[in-house]
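Structural overview
The chain contents come next:
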Amino acid sequence: MALLARLGLAILLATAAQVADAQQQMPTPDQARRLLETRPDLIAQLRREIAASGLTADQIRARLRAAGYPEDLLDNFVGPRRAASDSLAAGVASEDLLDAVAALGITDTLDTSELRTILRNRRTAASRDTLRAVRSVRDSLAPIDAQNDTMPDSLGRRSMDPRTARRARAAVDSGMTIFGLSVFNGATTQFDPNLAGPVDANYRIGPGDRIVLILTGDAERSFTLDVTREGFVVIPGVGELAVANLTLGQLEDVLYPRLGRVYSGLRRGAGATTHFSLNLARLHSNQVFVLGDVEQPGSYRVSSAGTALTALYAAGGPTVNGGMRRVEIRRGGRLVDTLDLYDYLLRADGSHDPRLQSGDVVFVPVHGARVRVQGEVIRPATYELRRGETLAEVLRSAGGFTAEAARRRVQISRILPPTLRDTSDRARVVIDIASDQFATGTGPAYPLEPGDVVRVFGVSERVGRRIAVRGNVYTPGIVGFTPGMRVSDAVRLAGGLKPDSYLGQVLLTRLRGTDSTRFQLRTSFADSAGRLVDDLPLREDDEIRVFATTDLRTPEYVAITGAVRRPGRVPYREGMTLRDVVLLAGGLEDRAYIGEAEIARLPASRDGGRLAESQRVPLDSSYLFAKEQGRLVQQAGAPRANAAPSVVLQPFDNVLILAQPDWDRPRRVSVAGEVRSPGTYTLTNKQDRLSDVLKRAGGLTQTAYADGIVFYRKQGRVGRVGVDLARVLRDARYRDNLTLQDGDSIYLPPFTGIVEVQGAVNAPRGVAYVPGADINYYVHAAGGASRLAEPSRAYVTQADGSVESIVVRLLLPDVIPVPKPGSVVVVTEKDATDHTDNLQRLAVLAQVIGALATLVVVARR
């Protein structure tokens, strides 16, 4: 019911001026519904409260019903369940909202402080994720130094080829990740104190605690005691008692004599008849300060059960410059403890993680010396050193070696101190540490310096003691090599020969040790059991190749084309017949002619360039089946079933199943618009024309506009075709009386007296049709050509789909199109890429006119 109390409190606070005695009563259902309808600010607050409650829609409805409210009162505001921290991450909460919640008293100070911590940590985690992504890209593009390009990593996974795997691991495991920082990146509760469980006797009481005192025995009573700001509790019948800064154990010692004055049977020992126990129902919060190199330095309210890790996590953890080996906890100006985070992270040792008190300071100094560990270790990362730590200790912090570590030597790249650098300016050196201790442990106690890069190399990629068996064996691949092994032994380990193995020769490839080149040996099998004529002894890295007889033959096939469902090639089998191939091709199509088929076969002689010999073979109706009944059907003029002899095929035969002459599926055309009977018509024969189907559609209506016919052809993606239908209706022999095809579409529009003008004109619009008016009239009626127009390239798309353009003729009148009703006039724009000078055009025209004039003068003489 806590949510309903908060919702009721929000409503009461919002209506304090109108609702009397707001602290003693909840709003009625009518008041709540009316307020939700008239107060947008209250609705926003309710949405936030619901999102922060973590309750599901069904749970909220059940609690409303139990409190006497309509269960659908908040249906417009409830949604899927979300935890409070998820609501914060989704942007429900903000610093301003938390300030408002604290001011209204909806949550106590400790809850608000925890919410602020979650919100800040979410922001910090998002910033760190972005920074980490940038660093990852940087590391993958630019290695730390020249030697990083060839460094292996610690993953040891072989899901890709070794070279690609090494490059990928070098980018991921460069060791640039600072160990321990990732613990503080996620917004979790891993360092929150246990607020629900009991506290130990060392818990120190302070203002804000709520103590439950329970008496049993002769007196059965319980008291809830709130510790005041001054550090007192008031026990009924006993009086005021100072408890601030007392531990829970010390408080018990104080209570024995004080309670014994009132309850005579309460004493220590076996003779007591009255007993008491103390429990904490609520813990107070402490104000602590987290300073130094942390993500969010400042003052924090943490639970009194919280430790230094709790405060450090609340502040977002150390920055990349923060130290982890010496986190100081100061109290009253004195250093009370030092926390080494590596003790907690690597050894789960929290002995130096003390419980904080109000005023404590958690200080994170700048990090100390760091070294980077990369390569074949469990945790490649950058580690901080404590004074005196050695190579062996750093390798233990990195988790030790992986299974792929070479464990013979470790290489250290070091930047020399300024006092040890020579005049050649070679400040970087490489130190190889070889020790038998790497094989048995983590290595020698070699001293490290700040900035060292420790590289642990992996074992060689080369695989030894193996033989490769390839080819026609049952389990080809790698087999183990043992001294004295022969070819027959390796073939037997690979599963033995398959029945179709080629016995005449088996190849043995051997590696020459001097220059790593390979040379060829050979032997042969005596029988299919794998016995060899010369059983050669093997060496390490030999490769055996066994061939199959099928691999040495050209694959034989039979091709079938024509009126079958799946034409193509099928593998040839000895004894294969024509009927077999037809079945493998999915059977015959409906258009197949089952009187005969053609087979093209390799010629007996290729003299004269002959490629094939063709022959016709008979078929019968047993090759064709009805789809529905599964019964044999008889095709007109075809032989009856089982009349044709079985035709045995040969390799590389090409079978052609002929189609019935003039067979075709029904063709359909669509007729719509101003015809008497529009619809989809099936053509009666292949010669049906436009006029024929219009007659079947009842002809044109009185309002049909024949010159506006829209004729579309789907086949071949032709699109719209211009047709002079008026002339076709007058003369069926006219060329525009097209032969129809399947999918043609015919549309007859009603008459329209409008000519549409588009393109580069000043006022594109429709213009009323004027009989006999040419294109210039309509361009002028649309405001004339624009500045960008090129009138000489204007054209007209007539209503029937035909296109006419202006034709400029020298010494003859130009051809000017005359638009018809329903046509479209298009004035094109000038070509921006055409930079031909008009003066040049005039010069060429003048030359042409001069030449013509000369010809006229010569002709007159």
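For the structure itself, consult the block above.
Residues numbered from 1 in each chain as written. Predicted model: local features only at pLDDT ≥ 70, side-chain atom pairs only at ≥ 80, totals over all residues. Heavy atoms only, no water.

1. Some points on the pattern of salt bridges
In a structure, side chains of opposite charge can pair up when their charged atoms sit close to one another. Within this structure, the stated rule accounts for 27 salt bridges. Where E328 meets R330, a salt bridge forms, and the shortest distance between an N and an O atom there is 3.1 Å. Residue classification places E328 among the buried residues on the basis of a relative accessible area of 13%. Put simply, D452 and R414 hold a salt bridge, and the shortest N to O gap is 2.8 Å. Of this pair, D452 sits in the loop between helix 13 (437-440) and strand 15 (453-458) while R414 sits in strand 13 (residues 405-415), and the two are 38 residues apart along the sequence. R414 carries the same exposure label as D452, and that label is buried. One network of salt bridges, in which partners are shared, links R325, D340, R386 and E389. (Salt bridge = Lys/Arg side-chain N within 4 Å of Asp/Glu carboxyl O. Buried < 20%, exposed > 50% of the residue type's maximum accessible area, 1.4 Å probe, protein only. Helix = DSSP H or I, 4+ residues; strand = E, 2+ residues; numbered from the N terminus.)

2. Concerning the packing of aromatic side chains
Evaluated as defined, the whole model comprises nine aromatic pairs. Their ring planes at 35° and their centres at 6.4 Å tell us that F184 and Y313 sit as a pair that is tilted. Of the two residues, F184 sits in the loop between helix 8 (162-172) and strand 1 (210-217) while Y313 sits in helix 10 (residues 308-314), which places them 129 residues apart along the sequence. Each member of the pair, F184 as well as Y313, carries the same accessibility label: buried. (Phe/Tyr/Trp six-rings, centres within 6.5 Å; stacked < 30°, edge-to-face > 60°.)

3. Focus on the side chain of R713
As for its placement among the helices and strands, R713 is situated in strand 28 (residues 710-713). Judged by its relative accessible area of 14%, R713 is buried. Among the polar contacts made by the side chain of R713, one reaches the main-chain carbonyl oxygen of T739 at a distance of 2.9 Å. Among residues more than four places away in sequence, those in contact with R713 are V718, G719, V721, T739, L740, Q741 and D744. (Polar contact = N/O pair within 3.5 Å; in protein donor to acceptor, adjacent residues only side chain to side chain. Contact = heavy atoms within 4.5 Å.)

4. Quick look at the sheet that holds strand 33 (residues 795-797)
The mixed open sheet is built from five strands, whose spatial order is 32-31-35-33-34. Taken across any chain shown, the strands that pair with only one partner, and hence form the sheet edges, are strand 32 (765-768) and strand 34 (803-805). Shown here is a sheet whose adjacent strand axes are inclined to one another by a mean of 25°, direction ignored. (Pairing = 2+ DSSP bridges. Axes fitted to C-alpha atoms, helices over the stretch in contact; angles between N-to-C directions.)

5. Side note on the nonpolar core
Looking at soluble globular proteins, one finds that nonpolar side chains tend to be buried together. Core analysis: the largest hydrophobic core is formed by 46 residues, its most contacted members being V290, L341, V373, L395, L448 and V454. Residue contributions to this core peak at six residues, all from helix 10. Sequence-distant contacts of V454, defined by excluding residues within four places in its chain, comprise R372, V373, Q374, L391, L395, V410, Q411, I412 and L448. Counting residues in each nonpolar core, the second largest holds 25 residues, with I211, L213, L248 and L255 among its members. (Core = buried A, V, L, I, M, F, W, Y, C linked by side-chain atoms within 4.5 Å.)

6. Quick look at the sheet that holds strand 25 (residues 654-659)
With mixed pairing, the five strands of this open sheet are ordered in space as 22-21-25-23-24. Edge positions in the sheet fall to strand 22 (568-571) and strand 24 (613-618), since each of these pairs with one other strand and no more. Between one strand axis and the next, the sheet turns through 25° on average, direction left out of account. Of the strand pairs in this sheet, strand 21 (residues 557-562) and strand 22 are connected by four bridges, and their pairing is antiparallel. Bridge pairing links A559 to R569 in strand 22.

7. A short note on helix 9 (residues 248-262)
With 15 residues, helix 9 ought to run about 21 Å at 1.5 Å a step, and its terminal C-alpha atoms sit 21 Å apart, in line with that. Along its length, helix 9 reaches its greatest deviation from straightness, about 30°, at L255, and the proline P257 lies no more than four positions downstream. If you check which residues of helix 9 are buried, you get L248, L251, L255 and L259. The elements touched by buried residues of helix 9 are strand 1, strand 3 (232-235), strand 4 (239-242) and strand 5 (274-282). (Expected span 1.5 Å × (residues − 1). Bend = angle between axes of the 7 residues up to and from the residue.)

8. Re the pairing of strand 11 (residues 370-375)
Counting buried positions along strand 11 yields six of six residues, so the element is predominantly enclosed. Between strand 11 and strand 12 (residues 381-384), which pair antiparallel and follow one another directly, the connecting turn spans five residues. Bridge count for strand 11 against strand 15 is four bridges, and the pairing is parallel. For G375, the partnering residue across the bridge sits in strand 15 and is V456.

9. Details of a nonpolar patch on the surface
Together, L810, L811, V844, L845, V848, I849, L852 and L855 give the surface a local cluster of nonpolar side chains, amounting to about 740 Å² of exposed area. Mapping V848 onto the fold places it in helix 19 (residues 838-860). Assessed through its relative accessible area of 34%, V848 is described here as partly exposed. (Patch = residues over 30% accessible without salt bridge, like charges linked within 9 Å, V, L, I, M, F, W, Y side chains within 5 Å. Areas by Shrake-Rupley, 256 points an atom, 1.4 Å probe, with all protein chains shown as cover.)

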